[in-house]
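Spelled out, the chains give:
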Amino acid sequence: MIDRRRFVLASMATMLPRRGSAALRGPVPRTFDYGPAKLDIYAPDGARGLPVVFFVHGGTWQFGKRTQVNAKPAFLLANGFCFVSIDYRMLPQADVATQAGDVEKAYAYVRANIARLGGDPSRIVGMGHSAGCHLIALTGMRGGLPGVAALILDDTRAYDLAALQKNGGMMRAYARVFSDPSQWAALSPTSYVDGRKHPPTFIAYSRAEGRDRDSKAFAERLRATGTQVTLFDGSAYTHMSINRDFGEDGDALTAAALAFLKSTVG
C-alpha cells in the first residue's frame, strides 16, 4: 500500500530546486585575473553606476579564499550594490607587506574596470574581516586605495602592533605573522592615521579577547583627525560569526553597516 503522506512529500520534493541549482547558490560572479591573483565581481543584470563593496577575506594571513563570502553578495545586490571579493597571496608564499600590495593592485583593477560591469568607481567601499580587516585598514590609511569612499573594518587587533605587544596580545597567530619588530610600524594602520582626515570608517569588534579595547583605541585615534567614525559593539558575536552572519535576516551588524553604507555612498 502507498503511504499517502510519503507520496505527497515526494511529489512536493520534485518541485523544489535541487541543492546545486543557481537558486540555492545565490548570485554567480564574473572572475578576473588582476595579476597576483583573481577576484570575483558580483553585479545585478543591467546594473549601471552602483556603489561597490570591495571585500578582503580573513584567515590569519595564511588561509581563506575569495569564495568564502556567505550571504554578502545576495544581500548587497538586493540592496543596490555591486560586490567584489578578492584572493591575495598567502603566507608563507607572500609576507604581509606583499599581501597589502596585492590588495592595492586588486583595488586599482576594480577601480579601472568596474564602470563597464555596473559599478561606480567613485563609490567604492573597502571592507575586510580579521586579517582582511587589517589589510583594508593598512592600505586605506596609508593612501593605497585612492578615491576610496569609506571603510568597513570588521574585527582585528592588528591596528597598532607595538601597542599589541605592550598589552600582551602579540601571541599565537600575531606572533607568528608579525615576528619582526622592525616591521611593526610599517604594518600598523595607526602609523598612517595622524595628519589628515580619512574616509568615513565603520569599526566593528566581537567579544574575542582584546578586540573592544584595540578597536576603541583606533577609533579614538581616527576621530582626533576629524574622520567620521562609527563604532559597532559586536560583543554579542564571536570572531567568526561577526563575519559569517553578515547579510542574514535580522542581523544587527548588517543593519548598522547598511545604514552606514547608505549614508556614505548610497
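Residues numbered from 1 in each chain as written. Predicted model: local features only at pLDDT ≥ 70, side-chain atom pairs only at ≥ 80, totals over all residues. Heavy atoms only, no water.

With that out of the way, let us pick up the side chain of His129. Looking at where His129 falls in the secondary structure, it is placed in strand 5 (residues 119-129). A residue is classified by how much of its surface remains accessible, and His129, at 5% relative accessible area, is buried. In this view, His129 contacts Phe55, Val56, His57, Gly58, Asp154, Asp155, His239, Ile242 and Asn243; residues no more than four positions away in its chain are not counted. (Helix = DSSP H or I, 4+ residues; strand = E, 2+ residues; numbered from the N terminus. Buried < 20%, exposed > 50% of the residue type's maximum accessible area, 1.4 Å probe, protein only. Contact = heavy atoms within 4.5 Å.)

Attention now goes to the side chain of His134. Take His134: it is sitting in helix 5 (residues 131-141). Polar contacts involving the side chain of His134 include one to the side chain of Trp61, which spans 3.3 Å. Not counting chain neighbours up to four residues away, the residues in contact with His134 comprise Trp61, Val96, Thr156, Ala158, Phe178, Leu187 and Pro189. (Polar contact = N/O pair within 3.5 Å; in protein donor to acceptor, adjacent residues only side chain to side chain.)

Another aspect to go through is unusual backbone geometry. A negative phi angle is the norm for most residues apart from glycine, just as the trans form is the norm for most peptide bonds. Following Leu91, the chain continues to Pro92 via a peptide bond in cis, the omega torsion being 0°. The residue Pro92 is located in the loop between strand 4 (82-86) and helix 4 (96-113) in this model. The phi dihedral of Ser130 falls on the positive side, at around 60°, and the residue is not glycine. The phi angle at Arg172 is positive, at roughly 50°, despite the residue not being glycine. Relative to the elements of secondary structure, Arg172 occurs in the loop between helix 6 (161-166) and helix 7 (173-177).

That is the geometry; function is a separate question.
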